[in-house]
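Observations on the model geometry
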Amino acid sequence: MTATPTLIPTSGLPASPSSPPIPANVGDPDRPRGELPIVTDLGDMPGTCNPLAGLVHLVGVSRYGVDYQRTLVERYGEVFQHRFGPHPIVVIADPERVTEIARNRDGAWSTALGWWSLFGGIERRSETIDFPVTLDGGAHRELRRLLQPAFGRAAMGRYVELTDETLSPTIDRWVERGVVPFKREARTAFAHLANRIFVGVDDRALSTRMDRAMADFWNGMNALVRSPVMSPTWRRALRGYESTRDTLRTMVPDKRANGGDDLFAALCRAEDPPSWM
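One structure accompanies this document, and this report is about it. Computed from a predicted model, the values in this text were never measured in an experiment. (Residues numbered from 1 in each chain as written. Predicted model: local features only at pLDDT ≥ 70, side-chain atom pairs only at ≥ 80, totals over all residues. Heavy atoms only, no water.)

What about the overall build of the protein chain?
A count of helices and strands for the protein chain gives ten helices and three strands. Relative to its length of 277 residues, the protein chain is compact, with a C-alpha radius of gyration of 21 Å against a globular reference of 19 Å. Principal-axis analysis of the C-alpha atoms places the extent of the protein chain at approximately 55 × 50 × 45 Å. Burial status across the protein chain gives 41% buried among its 277 residues. Residue pairs in contact within the protein chain that sit at least 24 positions apart in sequence constitute 65% of those at least 6 positions apart. Accessible surface computed for the protein chain: about 16,200 Å², of which carbon and sulfur atoms make up 55%. Between the mean site of the 34 positive side-chain charges and the mean site of the 34 negative ones, the protein chain shows a separation of 5 Å. (Helix = DSSP H or I, 4+ residues; strand = E, 2+ residues; numbered from the N terminus. Rg over C-alpha atoms; globule rule 2.2 N^0.38 Å. Buried < 20%, exposed > 50% of the residue type's maximum accessible area, 1.4 Å probe, protein only. Contact = heavy atoms within 4.5 Å. Areas by Shrake-Rupley, 256 points an atom, 1.4 Å probe, with all protein chains shown as cover. Lys, Arg positive; Asp, Glu negative; His and termini not counted. Charge placed at Lys NZ, Arg CZ, Asp CG, Glu CD.)

Focus on the environment of Phe 217
The topology assignment puts Phe 217 in helix H8 (residues 204-219). A residue is classified by how much of its surface remains accessible, and Phe 217, at 4% relative accessible area, is buried. Along the sequence, Phe 217 and Gly 240 sit 23 residues apart, while their C-alpha atoms lie 5.1 Å from each other. If sequence neighbours within four positions are ignored, Phe 217 has contacts with Phe 119, Ile 122, Phe 131, Ala 237 and Tyr 241.

Topic: the packing of aromatic side chains
A full pass over the atoms with the stated rule returns ten aromatic pairs. Relative to Trp 218, the ring of Phe 119 lies with its centre 5.7 Å away and its plane at 80°, an arrangement referred to as edge-to-face. Remark: Trp 218 occurs in helix H8 and Phe 119 occurs in helix H4 (residues 111-119); sequence separation between them is 99 residues. Overall, the relative accessible area of 1% leaves Phe 119 in the buried class. When the centroid spacing of 5.7 Å and the interplanar angle of 75° are considered together, the rings of Phe 131 and Phe 217 count as edge-to-face. (Phe/Tyr/Trp six-rings, centres within 6.5 Å; stacked < 30°, edge-to-face > 60°.)

This is the structure in structure tokens:
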């Protein structure tokens, strides 16, 4: 069995009981406001961690996806050091180790610190980046509690209905056309479906703008430097994030007043939200 390689930023590597204390600039590791020092000395771990390898990795993943990462596994083994753009990483392709990391029973692995190494500074109005995927520990459990109703049987049934309503007509149009640029068309279709399910947006034009903004945001992890002056990629990521944030903010009053069957509405109408929200 071969696992899809898991990329771990070395600023999010496990902290053992003998590790030094968390630096003050990091604050709460569940909602960090700073980055741990990058680990650059990984001893004799196989792989390469020079800046050129990071550029080659970005190009390889962009063009060949997981196939490129499999060539690295064949070359270096199931655990090795590398770079993803400017970020030193450890790649794990062993199924048992990946499962152990995902379970995180000893609390050694920090999702929040890993995300901070990629997106720290993207939120210029706050010291923290509080996305559903970037929280750890108690903050993560609080968010799961708030979202629980949105994953109940009735809600999941509605998501299935939305999927059918959105994708069935799209697929019919593809069949009528005979030949379609599938990658582009599939991305557009799934982006519109995600906007319907997650934020209740059914307007195609708005959905397209939000999809473009989020694509620019996610591409920010490829920025060689997190500076809007030095990096066009990071500049677009900032604009994409701020456009998405501001669009969602304008929806909050209506979601609180009228509700909805999307995940964003569930968050807006949550009772007894944690103080950090």
